[in-house]
Amino acid sequence: MWSREKRLLSLGLLAAGVVFGVVLETGIDPFEEQGPAWVGLVGGLVFAGVAAHWFSRRYEAVGDVDERFQEIERRASRWSRGTLTAGVGTLALVLLLPWVEVPVALLLWALLVTSVVVHELSVEYYSRRM
Amino acid sequence: MENSLKVWRAKRDVAQGELADALDVSRQTVNAIERGRYDPSLELAFELADYFDCAIEDIFEYEGGD
């Protein structure tokens, strides 16, 4: 399906954004004492966000995205956003506990990947239901 | 909400794909409406009625809250 190919392409771009973030992080790392994982993460996220936005605009321009597809995307995004918010919120709460040490960067990456997976699964679920 | 889209389509001998192209939606959307899995927007409902040259109520039937 045409739109499915584009979605896969969007996911590829997201992966490229993640790789970009990792490369950026690796590139800057030698110059800093503390690994600037945040810079890499934010850079990757911004890149992925811009790419995803650009593709969503192209979807709409072509017209293959009809109201049902948008509704499916809306519902899937709600689940994905909820997952990400709950995860980040939980992580923030855990970080408030001074005696607990967690690999923050790793968990943030895991949350990011999880939210993408949740989004894709939700799209499949609602596509079958609607 | 129930609808008789399939009947109208059969009456006019229009394929799902043709109707989808005419309304600028995907064939899956037309199929989902026919199966009652998706309730179209008011705009799309008007477009459907316009396409078949009938009233919205002729295609869609609101079952009501109570």
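Residues numbered from 1 in each chain as written. Chains lettered and ligands numbered in written order. Predicted model: local features only at pLDDT ≥ 70, side-chain atom pairs only at ≥ 80, totals over all residues.

Visitor: Any chance you could break down the overall build of chain B for me, citing the residues and the numbers?
Guide: What chain B contains, in helices and strands, is 5 helices and 2 strands. Put simply, chain B has 66 residues, and 23% of those count as buried. (Helix = DSSP H or I, 4+ residues; strand = E, 2+ residues; numbered from the N terminus. Buried ≥ 20, exposed ≤ 12 C-beta atoms within 10 Å, placed from the backbone.)

Visitor: An account of the overall build of chain A is requested, with residue identities and associated values reported.
Guide: Assigned secondary structure in chain A consists of 4 helices and 0 strands. Its helices and strands taken in sequence order, chain A reads α-α-α-α from the N to the C terminus. The buried share of chain A, reckoned over its 130 residues, is 15%. Sequence separation of 24 or more characterises 70% of the internal contacts of chain A that already satisfy a separation of 6 or more. (Contact = placed C-beta atoms within 7 Å.)

Visitor: Which residues make up helix 4 (residues 104-129) of chain A, and what values do they have?
Guide: For helix 4 of chain A, spanning 26 residues, the distance from its first C-alpha to its last is 37 Å, which sits close to the expected 38 Å at 1.5 Å a residue. Along helix 4 of chain A, the residues that are buried comprise Leu112(A), Ser115(A), His119(A) and Val123(A). (Expected span 1.5 Å × (residues − 1).)

Visitor: Lay out the interface of chain B and chain A in plain terms, naming residues and giving numbers.
Guide: With 9 residues of chain B at the interface, the matching set in chain A holds 8 residues. Of the residues in the side of chain B that touches chain A, the class split is 4 nonpolar, 3 polar and 2 charged. (Nonpolar A, V, L, I, M, F, W, Y, C, P; charged D, E, K, R; others polar.)

Visitor: Can you lay out the nonpolar core for me, pointing to particular residues and giving the numbers?
Guide: Among the nonpolar cores identified, the biggest contains 9 residues, and these are Leu5(B), Leu19(B), Val25(B), Val30(B), Ile33(B), Tyr38(B), Leu44(B), Leu48(B) and Ile59(B). Looking at this core, the elements that each hand over two or more residues are helix 3 (27-34) and helix 4 (42-52) of chain B. In this structure Tyr38(B) touches Arg68(A), Met130(A), Thr29(B), Ala32(B) and Ile33(B), once residues within four positions along its chain are discounted. (Core = buried A, V, L, I, M, F, W, Y, C linked by C-beta atoms within 7 Å.)

Visitor: Which residues make up the confidence of the model for chain A, and what are the values?
Guide: Counting all residues, the mean pLDDT for chain A is 81, and 75% of those residues have values of 70 or more. Averaged over each element, pLDDT in chain A is lowest for helix 1 (residues 2-28) of chain A (70) and highest for helix 3 (residues 67-96) of chain A (94). (pLDDT = per-residue confidence, 0-100.)

Visitor: Lay out the environment of Leu91(A) with the relevant residues and their values.
Guide: Residue and element names in this part refer to chain A. Position of Leu 91 relative to the elements: it lies in helix 3. For Leu 91, a count of 15 C-beta atoms within 10 Å puts it in the partly exposed group. Along the primary structure Leu 91 and Leu 108 are separated by 17 residues, whereas in three dimensions their C-alpha atoms are 8.6 Å apart.

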